[in-house]
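# Examining the three-dimensional arrangement
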Amino acid sequence: MKQKDKPILHKNSVLSVVLYSVPALIALVSLKVENQHPHSWLEAHLPFFWSFFAFASAIVIICLCKWLAKAGLEGSEASYDQPLGPGEEEKL
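Because the structure is a prediction, the values reported are computed rather than measured.

Analysis parameters
Throughout, a residue's number is its position along its own chain's written sequence, starting from 1. Restriction of local features to residues with pLDDT of at least 70 applies here, the model being predicted, together with a cutoff of 80 or more for giving and counting side-chain atom pairs; totals for whole chains, interfaces and linings are based on all residues. Think of the side-chain values as coming from all heavy atoms in the structure, minus any hydrogens and water. Helical segments are the DSSP runs of H or I of at least four residues, strand segments are the runs of E of at least two, and each set is numbered from the N terminus. The buried label applies to any residue whose accessible area, calculated with a 1.4 Å probe on protein chains only, is under 20% of its type's maximum; exposed applies above 50%, and partly exposed to all values in between. Only the protein chains shown count as cover for residues, and all accessible areas are computed by the Shrake-Rupley method using a 1.4 Å probe. By definition, pLDDT measures how confident the predictor is in each residue, and it falls between 0 and 100. For this analysis, residues touch if any pair of their heavy atoms sits within 4.5 Å. Ring pairs shown here join Phe, Tyr and Trp side chains whose ring centres sit within 6.5 Å, with only the six-membered ring taken for Trp; geometry is labelled stacked below 30 degrees between planes, edge-to-face above 60, and tilted in between.

### A short note on the overall build of the protein
Looking only at helices and strands, the protein features five helices and zero strands. Secondary structure elements of the protein occur, N-terminal to C-terminal, as α-α-α-α-α. Taken across its 92 residues, the protein has 7% of its residues classed as buried. Carbon and sulfur atoms form 67% of the exposed surface of the protein, whose accessible area is close to 8,900 Å².

What follows is the structure in structure tokens.
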């Protein structure tokens with residue numbers, strides 16, 4: 001197998017170890033955070049609440065951005081080939 005054909009995250013790569021160990025370390029550290037005055041019932045009773053909340057928020061933001069892109073931010077490629085109408089060249 002050539003160097004170019006190797007997947008980026010093969011089983012024993014340093015990158016895969018880092019990408020799995022950093023979230024695990026964050027989760028373990030979040031257990032040590034004192035929760036004497038929680039903001040909500042979920043924060044008081046659900047371990048790793050803020051980790052789940054951040055992950056769910058990231059998924060919502062990604063889905064919202066994809067939806068906005070498909071809804072109109074991305075122009076169709078055919079619109080680039082259309083000639084400008086009379087008087088529109090002067091506006092550019």
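### Here we look at the confidence of the model for the protein
The pLDDT averaged across the protein works out to 78; a share of 66% of its residues lies at or above 70. Element-level pLDDT for the protein is lowest in helix H5 (residues 88–91), with a mean of 58, against a maximum mean of 89 in helix H3 (residues 49–73).

### A word on unusual backbone geometry
For Phe48, which is not glycine, the phi dihedral falls at a positive 60 degrees. Secondary-structure assignment places Phe48 in the loop between helix H2 (41–45) and H3.

### Here's the deal with the environment of Leu31
Mapped onto the elements, Leu31 comes out in helix H1 (residues 14–32). When the C-alpha atoms of Leu31 and Pro47 are compared, they prove to be 7.0 Å apart, with 16 residues separating the residues in sequence. The contacts of Leu31, once residues within four sequence positions are left out, are Pro47 and Phe48.

### A short note on the packing of aromatic side chains
For the structure shown, the criterion picks out three aromatic pairs. Note on Phe49 and Trp50: the rings are 4.8 Å apart at their centroids and 70 degrees apart in plane angle, and the pair reads as edge-to-face. A relative accessible area of 13% means that Phe49 is categorised as buried. Of the residues examined, Trp50 reaches a relative accessible area of 45% and is grouped as partly exposed. Centroid distance Trp50 to Phe53: 5.4 Å. Interplanar angle 85 degrees. Geometry classified as edge-to-face. Within this pair, Trp50 and its partner Phe53 are both found in helix H3, separated by three residues, close to a single helical turn. Taken together, the ring pairs in this structure connect Phe49, Trp50 and Phe53 into an aromatic cluster.

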